[in-house]
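Geometric and topological summary
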Amino acid sequence: MHPSLFHLKHLEYLDISGNNLSGHQIPGSIGSLTQLNYLDLSSCGLKGEIPYQLGNLSHLRHLSLTDNHIFGKIPASFVHLRNLQFLYLGFNSISGEIPKNIGNLRNIQSLFLLNNHLKGVIPKSIGNLSKMSVLDLSDNRIVGGLPETIGNLTELQKLDLWGNQINGKIPEAIGNLTALQILYLSDNQINGKIPEAIGNLTALQNLVLSDNQINGKIPETIGNLIQLEYLDISLNNISGSIPDTLGSLCNLSEIYLFNNSVTGRVVEFFEQLSRCKTNELLSLYLDNNQLSGPFPSHFERLQRLTELNLRSNQLSGSLPASLGKLSALEILILSSNYLVGDITEAHFANLTNLYSMDISDNNLSVKVSQDWLLPFQAEAIIMRSCNLGPRFPPWLRNQTILNNLDISNNGISDAFPDWFWSLCLWNMNLNVSHNDMRGMLPSSLECFENVSTLDLSYNKFEGIIPRMQLSNAYLVFSHNFFSGPIPSSLADNAIYMSLSNNRLNGSIPSSICTADDLRVIHLANNGLSGTLPDCFRYKSSLVIIDVSNNMLSNNIPRTLGLLKGLRSLHFNNNNLSGRIPTTLKHCLELEVIDFSWNELSGEILSWIGPELSSLRVLSLTSNKFTGGIPSELSLIPSLQVLDLSHNLFSGLLPPSFGNFTAMMTNQNYEIPSPLQMLGYLYYTENLIIIAKDSSLTFTTLLSLVTSIDLSNNNLSGMIPEELTNLDGLRFLNLSSNYFSGQIPEKIGLMSQLESLDLSKNNLSGRIPSSISALNFLAVLNLSYNNLVGKIPMGPQLQTFTNLSYMGNPKLCGEPLEITCLGDNQTNNDRVTKEEYVPKDDEYGGIWYFIGFAPGFVFGFWGFMGAIMIKKSIRIKYILLIDIIIGWFMQM
């Protein structure tokens, strides 16, 4: 602004909005223009703070500083602008609180502070602004509740507070705002019920309360809002049925009640809507609720309806043919209900404007003639699980703008018809997975420009993978019979690439290193050979690499250390050799390392512990690692699965192994870990663990598993007593080593153990009586040691056979046939976390029978009580039974 401007002492009107004053600040000298009543500096690129001298403009009625780069607080001097009627400060970076004495601006009519960084509460003094017609504080960081004084703003026509952190209940005083036409309170933390007083707002046209924590029913008084055109109460905790009075609001054009817990029969609501002589309803979204009953059939007066979404409810019965009368309908979403019956040509007869349809995941069957064609041109057709098969639907052949087609899980056993590939659709999302489709794809699909998703998984496609033009694509070709090499350009412009479970051969192309947007590579279970490309770059976005079960050889690439976002590595079941590269210590987000079943060698470097603090799974089984097991591994606080079995490790087991934090607590089913959320759409973490005398594959429940397997090595020395600190450990296998000494006395503290294998060692002494406290123990193997004395008794121990103890000639008692002499062997009391006190029992046989009955009662009801009371234990016990049943089915 030119300095001469401030010499115009009598200037009353100044508007320089939209001019380029980028980088300039509002000069304090502007306060010398004391006769100004109109000042507009909006959209000028101004920066800096608002000068306090603006408070000198006592005649000012209109002030607009909207859409600049202004920061700092609202000057306290603003309270002197007693003639101000319009204040526009929106779309800046103004911070601090709304001045507490803002109520002094009693002539204000419009107050726009939207899209700033304001914090604090709405001051109670705002109730003094009785002339105000518009209050917009949206998109700030305002906290606290709505003050009761807001009910004093009886002239208010628009109240917009969306996008803050306002909490508490909507005050009953809101009912005083009888002139209100627009009320936006969405995207806050408001709770409680919608007040009955909302029915007083008879002039209201837009009511938006979405994305809060509002509960209770929609009040019947909502039927008083006869001017209402737009209603959005979505994304709350609303319950109860839709009030009949809502259906009588004939001016409503849009209703959004999705993502609540609304119940009742949807038929009654549609009957109410049909009572309006002229119904203006255009959009109706009731999805993700608990609505039930048959699908409505009263559509006669809903001829203007363009969008209908009833997804994820509990609707039942068949779809009426009258649905086809909704000639204005553009979007129809009915997926995930309990609808049954046939979909015929009549259902689509007059839907000529439809461009998006989703009727998936019901029990519907499409029954149309082979020469019939859809009467509309669609952008999206989602008909997953609609019994379309066995032929590929021929009624799609007239579609020219389709970009989203999902006909997965439909029993289609046909090949792609030639006419489909000649459609050359643009920006395509295609999902035909989980069918029985067959045949070969064309050598080139490049006429399908900018493919976004191509999911052909779980079919019987064969031949080579075609050339394609991709655009940030998800490629899922897994579980087919594709053969030949991976095209070198396939990874270009891909985000996710899954070619697992096919018959691919050749080497992995180096283009995976230069595909900077690629996040997931899943090539497991093929016949790939050669070396892993060693050309990764800092720019790479890779998160998951799974090349397991192939024939890859040579070293693990050193450049993996450049992948800062890497979280999961599966190189298991290959022919990789050499050492683990030290560069992996730079991959600080790694959660899963599975290098099992290879030819890797050398020592485990101690850096794995302190550097990879996020690691949850470390599996190096069946390699050729040597040396000692570094104690630094215990520094990994999140480690749940450690498998170093079938190697050449030697030396002592570090006592610090009793410090694994994640194994010292029970992994709770209700709390998802980062490992559970590691999957990217189609990828699920998986790991094979040898436990319970079988090979167990864990996928979605991997986050619950805690396991240590050090079997088949050359470890020696005593089993550290500290290991009993791991009371959350489920599987422990130390078999086929050279451990000596006694089994730790306090082993009964490992209360979650389901499988314990200490067989084929040099253990001696008695079996601790505390072992009888392991109520979840399903597998016990102490065979082929030098154990002596009487086998402890207990409800769970009685389920094991002599195979658990064989090869210990000095053991006696059940289930062995060797009877203990005099049956008076020394027994120890059960160990507790507080103390362990040995006690002689000279009448072991007598006390065994005396104690059997109460022992059974306490043991049985202690176990059953835990199952009935605690949900997490109940779930895990059911999973245990499921695994045991699976065992016997495999036998």
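A quick note: this is a predicted structure, and the numbers were derived from the prediction, not measured.

1. A few points about the overall build of the protein chain
Check the secondary structure of the protein chain and you find 6 helices and 62 strands. Among the 891 residues that make up the protein chain, the fraction classed as buried is 54%. Look at the contacts in the protein chain between residues 6 or more apart in sequence, and 51% of them connect residues 24 or more apart. Summing over all exposed atoms, the protein chain offers an accessible surface of approximately 37,000 Å²; the carbon and sulfur share of this is 51%.

2. Observations regarding the pattern of salt bridges
Should their charged atoms come close, side chains of opposite charge can pair. A full pass over the atoms with the stated rule returns 13 salt bridges. Taking the shortest distance from any N to any O, the salt bridge between D406 and R384 comes out at 3.0 Å. In this pair, D406 sits in strand β31 (residues 404-406) while R384 sits in the loop between β30 (380-382) and β31, placing the two residues 22 residues apart along the sequence. Accessibility expressed as a relative area gives 24% for R384, which makes it partly exposed. Of the charged contacts, one joins E591 and R567 as a salt bridge, the two residues approaching to 2.8 Å between their closest N and O atoms. Here the residue E591 occupies a position in the loop between β45 (575-578) and β46 (592-594), and R567 occupies one in the loop between β43 (551-554) and β44 (568-570), the gap between them amounting to 24 residues. Using a relative accessible area of 6% as the deciding quantity, one classes E591 as buried. Among the charged side chains, a network of salt bridges with common partners joins D361, R384 and D406.

3. Focus on the state of the cysteines
The final tally for this structure, using the stated rule, is 4 disulfides. A sulfur-sulfur separation of 2.4 Å characterises the disulfide bridge that pairs C424 with C447. Taking the sign of the S-S torsion, -90 degrees for the link of C424 and C447, the bridge is left-handed. A residue pair is termed long-range when its members are at least 10 positions apart, and C424 in the loop between α2 (418-421) and β32 (429-431) and C447 in the loop between β33 (438-440) and β34 (451-455) qualify at 23 residues. The disulfide partner of C812 is C820, and the S-S distance across this bridge is 1.9 Å. In this structure the cystine formed by C812 and C820 twists about its S-S bond by roughly 100 degrees; its chirality is therefore right-handed. Of the two residues, C812 and C820, neither departs from the other in class, the shared state being buried. Cysteine pairing for the protein chain (bonded cysteines numbered in sequence order): 1-2, 3-4, 5-6, 7-8.

4. Focus: the side chain of N480
Looking at where N480 falls in the secondary structure, it is placed in the loop between β36 (470-476) and β37 (481-484). At 3.0 Å, the side chain of N480 and the backbone nitrogen of F461 are in polar contact. Among the polar contacts listed, one links the side chain of N480 to the backbone oxygen of S478, at a separation of 3.1 Å. Ignoring any residue separated from it by four or fewer positions in sequence, one finds N480 in contact with L456, S457, Y458, N459, K460, F461, N501 and N502.

5. Regarding the confidence of the model for the protein chain
Overall, the predicted model of the protein chain reaches an average pLDDT of 88, with 88% of residues at or above 70. For residues 866-891, every residue scores under 50 in pLDDT, and the model assigns this stretch 28 contacts once sequence neighbours within four places are set aside.

6. Brief notes about unusual backbone geometry
Along the chain, G389 connects to P390 via a cis peptide bond; the corresponding omega equals 5 degrees. Inspection of the secondary structure puts P390 in the loop between β30 and β31. For H646, which is not glycine, the phi torsion reads 55 degrees and is therefore positive. Overall, H646 belongs to the partly exposed group, its relative accessible area being 40%.

7. Description of a nonpolar patch on the surface
A grouping of Y784, L803 and M806 is seen on the molecular surface, where their side chains present a nonpolar patch of about 290 Å² in accessible area. Inspection of the secondary structure assignment puts M806 in the loop between β61 (786-790) and β62 (810-812). On the accessibility criterion, M806 (34% relative accessible area) is partly exposed.

8. Considerations on the packing of aromatic side chains
Enumeration according to the criterion identifies 25 aromatic pairs in this entry. Residues Y13 and Y38 carry aromatic rings whose centres are separated by 4.3 Å and whose planes lie at 10 degrees to one another, so their mutual orientation is stacked. Of this pair, Y13 sits in strand β1 (residues 13-15) while Y38 is found in strand β2 (residues 38-40), placing the two residues 25 residues apart along the sequence. Among the residues examined, Y38 registers a relative accessible area of 19% and is labelled buried. Three or more aromatic residues link up through ring pairs in this structure, and these residues are F392, F416, W419, F420, W421, F448, F461, F477 and F482.

9. Some words on the sheet that holds strand β5 (residues 69-72)
Taken together, the 3 strands give an open sheet; going across it, the order is β3-β5-β7, and neighbouring strands pair in parallel fashion. On the outer flanks of this sheet lie β3 (47-49) and β7 (93-94), each paired with one strand and no other. Here 3 bridges tie β3 to β5, and the two strands are oriented parallel to one another. Paired with K47 across the two strands is H69, which belongs to β5.

10. Topic: the sheet that holds strand β15 (residues 189-192)
With parallel pairing, 5 strands are arranged side by side in an open sheet as β13-β15-β17-β19-β21. For this open sheet the edge positions go to β13 (167-168) and β21 (261-263), each flanked by a neighbour on one side alone. As paired strands, strand β19 (residues 237-241) and β21 are joined by 3 bridges and run parallel to one another. If you follow S239 over to β21, its bridge partner there is S261.

11. Concerning a negative patch on the surface
A cluster of acidic side chains, namely E148, E172, E196, E220 and D244, defines a negative patch on the protein surface. Relative to the helices and strands, E220 resides in the loop between β17 (213-216) and β18 (230-232).

12. A look at the environment of N550
In this fold, N550 is placed in the loop between β42 (544-546) and β43. Remark: the alpha-carbon pair of N550 and N526, spanning 24 residues in sequence, is separated by 5.5 Å.

13. Some points on the environment of G175
Along the chain, G175 turns up in the loop between β13 and β14 (182-184). Residue classification places G175 among the buried positions, given a relative accessible area of 4%. Residue contacts for G175: discarding those within four places in its chain leaves A197, N200 and L201.

14. Quick word on the pairing of strand β25 (residues 314-318)
When strand β23 (residues 292-294) meets β25, the two strands line up parallel, connected through 3 bridges. Across the sheet, residue P294 finds its bridge partner in β25, namely S316. Two strands pair when backbone bridges link them, and β25 and strand β27 (residues 338-343) are joined in this way by 3 bridges, in the parallel orientation. By the bridge assignment, G317 is partnered in β27 with L339.

15. Concerning helix α1 (residues 266-273)
Within α1, 6 of the 8 residues are buried, leaving the element largely enclosed by the surrounding structure. For α1, the full list of buried residues reads V266, V267, F269, F270, Q272 and L273. Next to the buried residues of α1 lie β20 (254-256), β22 (283-285), β23, β24 (307-309) and β25.

16. With respect to the pairing of β27
A regular strand places its side chains on the two faces of the sheet in alternate fashion. Relative to strand β29 (residues 363-366), β27 runs parallel, the two being bridged by 4 bridges. Opposite V340, over in β29, you have N363 as the bridge partner.

17. Thoughts on the side chain of N808
Its place among the elements puts N808 in the loop between β61 and β62. For N808, a relative accessible area of 4% gives the class buried. What N808 contacts, discounting residues up to four positions off in sequence, is L782, S783, Y784, N785, N786 and L787.

Cut-offs applied
- Residues numbered from 1 in each chain as written.
- Predicted model: local features only at pLDDT ≥ 70, side-chain atom pairs only at ≥ 80, totals over all residues.
- Heavy atoms only, no water.
- Helix = DSSP H or I, 4+ residues; strand = E, 2+ residues; numbered from the N terminus.
- Buried < 20%, exposed > 50% of the residue type's maximum accessible area, 1.4 Å probe, protein only.
- Contact = heavy atoms within 4.5 Å.
- Areas by Shrake-Rupley, 256 points an atom, 1.4 Å probe, with all protein chains shown as cover.
- Salt bridge = Lys/Arg side-chain N within 4 Å of Asp/Glu carboxyl O.
- Disulfide = S-S within 2.5 Å.
- Polar contact = N/O pair within 3.5 Å; in protein donor to acceptor, adjacent residues only side chain to side chain.
- pLDDT = per-residue confidence, 0-100.
- Patch = residues over 30% accessible without salt bridge, like charges linked within 9 Å, V, L, I, M, F, W, Y side chains within 5 Å.
- Phe/Tyr/Trp six-rings, centres within 6.5 Å; stacked < 30°, edge-to-face > 60°.
- Pairing = 2+ DSSP bridges.
- Lys, Arg positive; Asp, Glu negative; His and termini not counted.
- Charge placed at Lys NZ, Arg CZ, Asp CG, Glu CD.

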